[in-house]
Every structure is written in structure tokens, then in C-alpha cells.
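This is what each chain is made of:
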Amino acid sequence: MATETTSAKVKWGLLDAIVVVFALIPVLWIVSLSFKTTATLTDGNFIPREWTWDNYKLIFQTDQFVRALINSIGIALISTVIAVVLGTMAAYAISRLDFPGKKALVGVSLLIAMFPQVSLVSPLFNIERQLGLFDTWPGLILPYITFALPLAIYTLSAFFKQIPWDLEKAAKMDGATQGEAFRKVIAPLAAPGVFTTAILVFIFCWNDFLFAISLTSTEQSRTVPVALSFFTGASQFEDPTGAISAAAVTITIPIILFVLFFQRRIVAGLTSGAVKG
Amino acid sequence: MAINDRHPQRRTLRARALAAGAAMTLMAPMAACGSDDGGVPVLNFYNSPVENMQSVVDRCNQEAAGKYKISYQVLPRQADDQRVQMVRRLAAKDDSMDILGMDVTWTQEFASANWIREITGELKSEVESETLEPAVASAQYNDKLYAAPNNTNVQLLWYRKDLVPTPPKTWDEMIKMSQQLKGEGKPYQVMTMGAQYEGLVVLYNSLVASAGGSVVDESGKKAVMDEGALKGLETLKTFASAGVTSPSFSNAVEDDVRRAFQSGGGAFQLNWPFVWASMVQEAPDLAKKVGWARYPAIDANTPSKTTIGGSEQAVSAYSKHPDLAFEAIQCLRGPESQLYLAVNSGQAPSIEAVYNDPSMNEAYPMKDVLLEELKTSAPRPRTPAYQNLSTVVSAELSPPASIQPQQTADSLRKSIQDAIDSKGVLP
Amino acid sequence: MSVATRPSVDSQPSRRSRPALSEGKKQERKLGWLLCAPAAIVMVAVTAYPIIYSIWLSLQRYDLKFPDDREFIGLANYATVLSNNYWWTAFGVTMLITVISVTVELVLGMGLALIMHRTLIGRGLVRTSALIPYGIVTVVAAFSWRYAWTPGTGYLANLFSPEGAPLTERASALAIIIFAEIWKTTPFMALLLMAGLALVPDDLLKAASMDGASWWQRFTKVMLPVMKPAILVALLFRTLDAFRIFDNIYVLSAGANETSSVSMIAYNNLMKGLNLGIGSTMSVLIFLTVAIIAFIFVKLFGTAAPGSSDEDGRR
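In this text, all values refer to a predicted model and were calculated from it rather than measured experimentally.

Before going further, it helps to spend a moment on the overall build of chain C. Looking only at helices and strands, chain C features 14 helices and two strands. Projected onto its principal axes, the C-alpha positions of chain C cover 65 × 55 × 30 Å. Residues counted as buried form 52% of the 315 residues belonging to chain C. Contacts spanning at least 24 positions in sequence make up 67% of the contacts within chain C whose residues lie at least 6 apart.

Once that is clear, we can look at the overall build of chain A. Helix and strand content of chain A: eleven helices and zero strands. The linear arrangement of helices and strands in chain A, starting from the amino end, is α-α-α-α-α-α-α-α-α-α-α. Classification of the 277 residues of chain A by burial places 57% in the buried group. The contacts of chain A with a sequence gap of at least 6 include a subset with a gap of at least 24, amounting to 76%.

With 322 residues, the main nonpolar core has A148, V201 and A247 of chain A, A328 and I416 of chain B together with L193 of chain C as its most contacted residues. A per-element tally of this core places helix α8 (residues 170-197) of chain C first, with 17 residues. In contact with L193 of chain C, not counting residues within four places along its chain, are G109, M110, A113, M227, A230, I231 and A234 of chain C.

On to the domain arrangement of chain A, then. Residues and elements named next belong to chain A. Examined at the domain level, chain A breaks down into domain 1 (1-52) and domain 2 (62-274). If you average the C-alpha positions of domain 1 and of domain 2, the two centres end up 28 Å apart. Contacts between the two partners involve seven residues from domain 1 and, on the opposite side, six residues from domain 2. When its residues are assigned to classes, the side of domain 1 that touches domain 2 shows four nonpolar, two polar and one charged.

Here we come to the sheet that holds strand β3 (residues 99-103) of chain B. Residues and elements named next belong to chain B. With mixed pairing, five strands are arranged side by side in an open sheet as β2-β1-β3-β11-β6. Edge positions in the open sheet fall to β2 (69-74) and β6 (148-153), since each of these has one partner strand only. Between one strand axis and the next, the sheet turns through 20° on average, direction left out of account. Sheet topology places β3 next to strand β11 (residues 309-315); five bridges connect them, and they run antiparallel. Considered in β11, the bridge of M102 is made with E312. The sheet contacts of helix α13 (residues 322-332) involve β1 (42-47), β2, β3, β6 and β11, and relative to β11 the element is tilted by about 150°.

This part takes up the environment of Y267 of chain C. Along the polypeptide, Y267 of chain C turns up in helix α12 (residues 262-272). It is 9.7 Å that separates the C-alpha atoms of Y267 of chain C and S280 of chain C, two residues lying 13 residues apart in sequence.

The terminal C-alpha atoms of helix α5 (residues 123-135) of chain C, which comprises 13 residues, lie 18 Å apart, in line with the 18 Å expected from a rise of 1.5 Å per residue. Looking only at α5 of chain C, the buried set comprises V126, R127, T128, S129, A130, L131, P133, Y134 and G135 of chain C.

What follows covers the domain arrangement of chain C. Segmentation of chain C into domains returns domain 1 (21-53) and domain 2 (87-265). Distance between the C-alpha centres of domain 1 of chain C and domain 2 of chain C: 34 Å.

Before going further, it helps to spend a moment on the interface of chain C and chain B. Taken together, the contact pairs 34 residues of chain C with 31 residues of chain B. Looking at the side of chain C that touches chain B element by element, the count peaks at five residues for α12 of chain C. Partitioning the side of chain C that touches chain B into residue classes produces 15 nonpolar, 15 polar and four charged.

Our next topic: the UniProt feature "domain: ABC transmembrane type-1" (unreviewed entry) in chain A. In the numbering used here, UniProt assigns the feature "domain: ABC transmembrane type-1" (unreviewed entry) to residues 69-262 of chain A. As a span, residues 69-262 of chain A carries 76% helix and 0% strand, and end to end its C-alpha atoms are 21 Å apart.

On to the UniProt feature "transmembrane region" (unreviewed entry) in chain A. Residue and element names in this part refer to chain A. When the UniProt feature table is mapped onto this chain numbering, "transmembrane region" (unreviewed entry) sits at residues 12-31, 68-92, 104-125, 137-160, 181-204 and 243-262. Note that residues 68-92 is 100% helix and 0% strand, and that its end C-alpha atoms are spaced 35 Å apart. Counted over residues 104-125, helix gives 73% and strand 0%. Its end C-alpha atoms are 27 Å apart.

Following S398 of chain B, the chain continues into P399 of chain B via a peptide bond in cis, with omega recorded as -10°. A positive phi angle, close to 65°, is found at D135 of chain A, a residue other than glycine. Along the polypeptide, D135 of chain A turns up in the loop between α5 (121-131) and α6 (137-162).

Residues and elements named next belong to chain B. In spatial order, the strands read β8-β9-β7-β10; together these four strands make up an open sheet with mixed pairing. This sheet does not close on itself; its edge strands, each paired only once, are β8 (189-191) and β10 (290-293). On average, adjacent strands in this sheet sit at an angle of 20° to one another, irrespective of strand direction. Both β8 and strand β9 (residues 266-271) contribute to a ladder of three bridges, which runs parallel. By the bridge assignment for β9, M191 is matched with Q269. Across the face of the sheet, helix α7 (residues 171-183) comes into contact with β8 and β9 while running at roughly 150° to β9. Helix-sheet contacts for helix α10 (residues 254-262) involve β8 and β9, and the interaxial angle to β9 is about 155°.

Each partner contributes to the interface: chain A provides 91 residues, whereas chain C provides 92 residues. Of all the secondary structure elements, the ones that give two or more residues to the side of chain A that touches chain C are α1 (6-35), α3 (63-96), α4 (102-114), α5, α6, α7 (166-173), α8 (178-207) and α11 (241-274) of chain A. Here the side of chain A that touches chain C takes 15 residues from α1 of chain A, the largest share from any one element.

Our next topic: the pairing of β6 of chain B. Residue and element names in this part refer to chain B. Taking burial as the measure, the six residues of β6 include six buried ones, the bulk of the element. Two elements, β6 and β11, share five bridges in a ladder whose sense is antiparallel. The residue of β11 that forms the bridge with P149 is E312.

Attention now goes to the packing of α3 of chain A against α8 of chain A. Residue and element names in this part refer to chain A. Between α3 and α8, the least distance of the axes is 9 Å, while the angle of their chain directions is 140°. With respect to each other, α3 and α8 are oriented oblique. Considering only the axes of α3 and α8, their crossing is right-handed. Of α8, the residues touching α3 (which contributes S72, I75, A76, S79, T80, A83, V84, G87 and T88) are V194, T197, A198, V201, F202, C205 and W206. Split into classes, the residues belonging to the contact of α3 with α8 amount to ten nonpolar, six polar and no charged.

The next subject is the environment of P116 of chain A. Along the chain, the position of P116 of chain A falls in the loop between α4 and α5. Classification of P116 of chain A by C-beta neighbours within 10 Å gives buried; the count is 25.

This next bit is on the confidence of the model for chain C. Per-residue confidence for chain C averages 85 on the pLDDT scale, and 91% of its residues sit at or above 70. Taken together, the stretch residues 310-315 of chain C has pLDDT below 50 and engages in six contacts with residues farther than four places along the chain or on a different chain.

Turning to the packing of helix α8 (residues 198-210) of chain B against helix α9 (residues 227-241) of chain B, a few remarks are in order. Residues and elements named next belong to chain B. The N-to-C vectors of α8 and α9 enclose an angle of 125°; their axes lie 8 Å apart at closest approach. In terms of their interaxial angle, α8 and α9 are classed as oblique. Where α8 crosses over α9, the handedness of that crossing is right-handed. Of the residues in α9, those in contact with Y204, L207 and V208 of α8 are G228, A229, G232, T235 and L236. Looking at side-chain class alone, the contact of α8 with α9 contains five nonpolar, three polar and no charged residues.

Next up on the list: the confidence of the model for chain A. Residues and elements named next belong to chain A. Residues with a pLDDT of 70 or more make up 94% of chain A, whose mean pLDDT is 85. Across chain A, the element-wise mean pLDDT spans from 74 in α11 up to 93 in α3. Across residues 268-277, confidence stays below pLDDT 50; counting only partners more than four residues off in sequence or on other chains, it has 18 contacts.

Parameters at a glance
- The residue numbering used here restarts from 1 in each chain and proceeds along that chain's sequence as written.
- As they are written, the chains are lettered A onward and the ligands numbered 1 onward, keeping that order.
- Given that the model is predicted, a residue must reach a pLDDT of at least 70 before its local features are reported, and side-chain atom pairs must reach 80 or more before they are shown or counted; all residues, however, enter totals for whole chains, interfaces and linings.
- To qualify as a helix, a DSSP run of H or I must reach at least 4 residues; to qualify as a strand, a run of E must reach at least 2; elements of each kind are numbered from the N terminus.
- Once C-beta atoms are placed from the backbone, each residue is buried if 20 or more other C-beta atoms lie within 10 Å of its own, exposed if 12 or fewer, and partly exposed for counts between those two.
- A pair of residues counts as a contact when their C-beta atoms, built from backbone coordinates, are within 7 Å of each other.
- Residues of type Ala, Val, Leu, Ile, Met, Phe, Trp, Tyr and Cys that are buried and joined through C-beta atoms within 7 Å form what is called a nonpolar core.
- Note: domain ranges come from an automatic or database domain assignment.
- Residues are sorted three ways: Asp, Glu, Lys and Arg are charged, Ala, Val, Leu, Ile, Met, Phe, Trp, Tyr, Cys and Pro are nonpolar, and all the rest, Gly among them, are polar.
- A pair of strands is considered paired only if DSSP assigns at least 2 bridges between the two.
- The angle between two axes is taken between their N-to-C directions and runs from 0 to 180 degrees, where each axis is a line fitted to C-alpha atoms and a helix contributes only its stretch in contact.
- Multiplying one less than the number of residues by 1.5 Å gives the expected span of a helix.
- UniProt positions are given in the numbering used here, feature names are shortened, and annotations may be inferred rather than shown by experiment.
- Here is the rule for angles: anything less than 35 degrees is roughly parallel, anything more than 145 is roughly antiparallel, 65 through 115 is roughly perpendicular, and the remaining ranges are oblique.
- Definitions for this section: a left-handed crossing has its near helix turned counterclockwise from the far helix by less than a right angle. A right-handed crossing has that turn clockwise.
- Per residue, pLDDT measures the predictor's confidence, with a range of 0 to 100.

See below:
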């Protein structure tokens, strides 16, 4: 492998630039829409001719958006934590242990992920209303966990499968306790999978529209993607495009923070994996 | 939301959402179970997000003086989403919905499924005596009244006075004028909605009605696709392939058309009256050059008939307080409320007398043409399976330039009949 | 190499003792069930009734508008849907979108994963910005594409086709839909693949490099085998998601010019038409199609699939 020469750096720099441009230009277009005035909203200019903060002021003028933001963050975080914990447990069992019913579990969880959700929301609505879960946080958290679990179980089992588990034994032979062996050897190796899963599950919960619109009815539990569809235009046929763009930009910030925070853990897995006995 | 200062009274999102938020926090526990626990009965009013609707609700609550309390439950912006939410609750016999704010095209469906109550008594005589006749007709099912229209709407022809001194009377004339302008290198496009959705059905329905035809028979049970319906297809085809539409015609919805016209490429626009307020606000120079006229006709000697739109209020069959709900509707859609929303939220009134109020002159300078068109407007096909029919028709007509009139008419006749009978698959 | 020769610590002794379950084996079973129980219970509790109910509905004529006509009609709904042109057109479109977008995403996602994983500079920046598209609410992203591609109002339309309207032609509309889909979900692939890459031991790569293996050989012989499970998961979940594409089409073309997908048709029948029978039938058919695709993937990848008895395959 080449050492860190300047030419290698230039090469990577170029590749980086391509990735960033490809990923961000459409995002910048949304940012641009969010800063345009209504009169210039769709003048076709990539860069706004007139800049305005009005759209951002507008969404933060009311507690409608802020409430939705709090709901979104709370519901997505709780669902992510529970789904990742339950998923880790199940994935560990699936990749490490031998027990009857294992294949059934793997199969069934995939089937659940495959069924079109649009035909499941009406029965879910009926159940939740009977149980009093409709329009509550648990009423959304439960389906989110359910539909995130298949992905979590699959992702995590895929990673656990590749972890050299005998390292744990080796560490124990070297005198480490069970806990130490897990913390120092296994946990860092499992981390990339766990945090990757966490990011994916979080984004899934964060962006869901179908369940959120069908299983909520007030600001009590309405999440941001749904709140966007309650913004009003100046009249029936006018779309509040500026405000929606501003809201979309705003709610992408927590995602960025979340990813920024967790992407380091993915590196952590790699480096600790390299220093093994 | 986009325009804050169009009207001084229009406090947009803020006031409404604060008030709505406060109301919801207060009402939430009650709304959830729909009971009144000995207190003031709560009437849940499910309606689309309309600016300043909360003020109307507040006023009605004040007038009710403790007899009932209306709680405004906001539905999503898209009509399809609103309907899905309501239907899901109605199918579950949810008794926490009392008053339903509906689109006019849902009347037949909701009434035939016994989801809404027939309107009788005082409210009925009020509605029938003061409301514009076509609006009343669109709220009826089997000659019985099921809803109270609170807002009504038709599309007008908006044209550039600086380019065409006298507005065209017919589609042919309009196409010729446009082609001439094109030849002269001036803005020439005729802009209207042609995407595969309800708007395309509205356009086609106006053409058919103006040609004196119909798509389904009086009973709403049989697809006819008569001569007039064929004429409508021919006109639509001619229009779409005459080189006068904008390139994005077959993907355009209301707001796209408004924006495109505002940016100056069009000589004509066929659209709802909401475009005027926006134009005055966002493109004032253009607005000075724009006039309005009656929607073009098919035949110079027969005035056009335009598709009527709008919204109405009905009482859920599962409401625990139907009598109070009817009473509340009297206030919610009464003349005072309609005038308020007309001036502050751009909702055209369904009560004719409201148009005579002086404050209407500023908000609705086009009100004379509007009223004239409203009085002769045409309903969309009246069948409980209207959503099926609309889905099928918009799919078959899209893109309009590819219509083969006779062939399309034959295939429409079959697929509309299937749609009415709820047979087969929707596209 | 540790990865390749991993012994399955607990299960090995019990394998040989067939007649009675050893104590260790029993313990292992119990632990396995215990660990899986919470996940299994949640999933089944939430979805069992809705899924069974949907399948039951698909065997009935049941239209919410005409509740009195409800009756059991066996597989008649399936015959209706499977003999319908709209359905097959949408099916073809959906297949096309799925195959193209998933293939392109796999290649792009692999490249992106390599860049995010190995880049020497700006790693945090690249990783974060590459993931942003996936984090943006789909409907909003779709609307921004719609504006961008509408002549007169968008930068892309003005740039690429000042005369026409790309969203009103079938081929260009499909291309835009696929592009929007790829832009949005490549990060999903890339993230899964990158986490797979993180498991490729560095010393293995170094050893291969010293043995004179080219970059391509190292990639195919060392990296890909270790990444196989991650690739399977990425492919599997992307495919079943791509096959249910809805938002992008709904916003960009509303299904005009035969760009409708099976999910859009199912939505129209279920939610607009309130035809629960036909709508549920379509859901079940979508489900079956996806299940077949998933089955093929799992078979192709063999022992890389989760839960497969990999001990035999690996040694």
C-alpha cells in the first residue's frame, strides 16, 4: 500500500470532492429554495436572487413545528435504542447459538419487512384505537421497533457472523475476565455493525410518513414529516414550498449530528480490530 | 403561509396554530374518547388546514355560549390525505368525529355509505334558500341534502390585456389567438392543469359540460360518453397538440400553472380565482396587465359551463351530538363566517348575498364573472364511486396530446362503467 | 486466519452426542430463545393480525363504498389483478426501476464505501455529507427534484432541456425517477458496505499485498468474501424497498405516461378506491414478488445468509 504521498492525497481529495458534490448539490438546491422569497421561489436560479429568513422565522413562530421536532427526536431515539438492543440480542443468538426456531425467526422477520405497509396501517389504526395507543408516543414507537427490527437483526447478524469470536477465548486465556474480554475485544469489533444499524434505524424512524400520519391526530405525537403536510399555503392550491424546504433543512441537522457522532464509532471498530494478539 | 402580509388580518400560521394548540391541549383528553363527562359537549370539527378557520371556530364557540364547544381538528393539506383519514375513522365507526369538512366530490360516496346524516329542519331550509343552486345540488344525494356548502369555486379565464384586447369566447378562438401571438414572437402560451390527477378531470368535465354532453347518466349508474363527451375529447386533443400549451402542461398542477403564468410566458391562464391575490402580491406589474373573463366555450352561441368545486360541512353518522353539530354548522358556514373567510383566506362564498358585501369588492374584483359562472356551473359526475371514476378518467386522458377521440371514448365508456360498478382494477 | 477457521465454541461438543441433549446444549437453546424472545414477541404482536387480516381481505369482495356486497370469493381477486394490463405495466416499470437502481446503487455504494472507508483526508466530512441524502425526507427531496426539472422554474431543466419538459416524456421521466432514487438511497448501501469493510482485517490485506496481489485481486479475493453477508443484507433490504417505490413517482410524474409503480396502483385501489379486496390482493402480490426475489438472493449467497448453519459451509 502506498504511503501517504502527496499524489495519494490529491487522488483522495478529488474522489472526496466528487462524492461531496454529488451528494450535496441537490441538498443545496433545497437550502436555496428555503432562502428564496415567494416571488422568486421558482425563477430557476440555483442561487437565490433575493435572500430571506422569512421561511425559517415562519416555522419557528409557532410551537407547531417545535412540538413536532421534539416528538420526532424522542420517538426516533427511543425506537432506535430499543430496536438496536433487541436486535443485538436476537442477532447474537442467531449468529452464535444453535437452537430450534432460529431459521423461522430469521424468515419471519424478513417476511414482516417485505409486507407492503400501506395495507397494514388500517388494521393497526383499529387495534391502537381499541388499546388507547392511538396518537401516543408508544403508538408510534411500537410499529417503528417492529419494522426496524428485521433490518437490525439482519445487519447485526451479518456482522456478528464475521467477528472472530475465538479472540474472546484467546483473551480469556491471556487472563482477561469474561467482562474484560467482551469489553476490550468483542465490543469494539461489534461496534461498526451496531452503530451502522443505529444510524439506519434512526433515519428510518425519522423519515417515516405513513405510520406517523395514520396513527397520530394531534400535536401530542405528530412527527415532523407529517407536520410538513399540515403547513398551510396562502390558499387551498398554493404549496408552502419555502416553509417546507426550511423545515426539511432544519430537520436534517439532527441527522447530521447523529451521523457525525456515530461515524467515529465505525472507525473505532476498525482500528481496535487491527490491534489484536 | 407563504404570504404573510397580503391582508392585515391574516396572521397566518401563528395565531391559528397558537389558538389551535391551546384548544387541542384543552380538548385532547376529551377528544380522545369523544365524551363530555358532564361538561360542555365537545364537537370535533375535522377540516383541512384553512387559514383563520380557528377565528371562525372561536366566534361560533362564543355565540354558542356554553351550549357546545367546537374543537377544530386539522387534517393534512392534500385532499386525498384528508379523505383517507376520515374514511379510516368512519369505517371504524369512530364516534369522536362530529362535523366533517368535505370536498364537494365526496358527498355521494359518504352519503351512500351512510357515513353522514341527512340534513333536515332549520339548517336545510337555510341552506336551500340562500345558497347558490349548483352548490346545493352538489351537496345532494338521491335528492336529499347531506351537506351544507361553505365555499364554492370555479375556474376563470385570465388573459393579458396588453396582448389580446378582447378575451376569446371559445376554445378555437383562444387557440387561434395564441398561435398568432406565437407567430409574432410574443408571450403566447395557454396555461392550465394537465397532470394526471383530479385537475385534468375538472378540465375535461368543463369541456364536456360546455359541449352539452355527459359522461354518466342522471342516475350516476351508467356510463354514457355521448356526443358531447366525444366533442370534449376532440377539443382537449386539439388544444394539447396545437402547440399553444406550455411544455410542462401534462405534468402541471394548480400552483405550477400559477407560478408559470406569473413568470410571464403565458398569454392565457385557466385557473381558480386564488391566482389573483398571489399575482397582485408577487407580480404586481404583471397583475396590472391581466384581466379576467368567462371560461371559454366550445360553441360561440352556447355559454360555457364550468366545473364547480368547493367544500361543505356534514355531520358524521356516528356523532353523539348530531343536533348540536347541525346547529354548529349553521354558525360555521353562516354568512358572517363565509364573509370572514372570503376576505381573509380566499375562500369564495357559497351564499349569494355575501357577494354583495362592500368588502368583497377589494378581495374579489372578479366577483361578477365568478357569480355568473357559478350560477351556470356544472357538477362532476354524481356517483358514489366518483374517486374510482376520477382515477380512471385521469389515467386514460393522460397525456392529453395522445388522445384518440373515438377510441378513447370507447375505452372510457367501458372503464368508467367498471369504475362505477367498482369492478376490476384502478390504474 | 482467524476469520476463516473460527470454531463454534459452544455447539461443537454437543454435535457428536446425538442421543440425549447435553446440559450445555440445553443451556444454549434456552439462552437462544431467551435472547430472541423480546424481538420475536414485538414483531409478531404488532404485525400478525394486520398481515393475516390483509390476506383474509384479499379473498373477499369488499369495497368500503358498498359494504353490503361483501362476500368471500376465493382467488377471484387474484385472477382480476393478474389479468389486468395496468397491473402488468406497473409491474414492468417497477421491475425496471428496481433492477437498474439497485444495480447502480450497488456499484456506486461500493465505490462510496471504499472512499468513505479508506480516504486519507476529510473522512468525517465525506462520511457525513455522503449520508445526508438518505436523511432528507423523501417527499421534500422529490419536490425539489420536481422543481429542478420543470422548465422555467428549475436549474436542471434550464440546463439540460431548455425546450422540452423531461418529466412529461416516459423515458426521461423514468430516468429522473431512477436518478432521484439512486441519489437518495445509495448512502444506505454505502453505509452497510462500509461497516462490512471495517471487518476486513488489515493484516490480511497487507499479506495479500506482499504476495503481489493486484488491487483488483485484493478486492475480489480478500474483501468481497468477508463482506458477503453485508452485501447480502444491503441488496436484500434495498431491493425490497426499491420494489415498493412510491413517493418519488407520486411527486415527480403522478404515474403519468405509464410510470406508475405497483405500490401506486395498490394505493389507488386501497386508499382512493376503498376497494379493500383488490388493494389487499395487490399487497399480497407485491409481498410474494419480493419474497421470491429475497429467496433467490438468499440462495445465491448461501451460507452468507443470517441463520444458515455456517459451520459446515465455512470449514
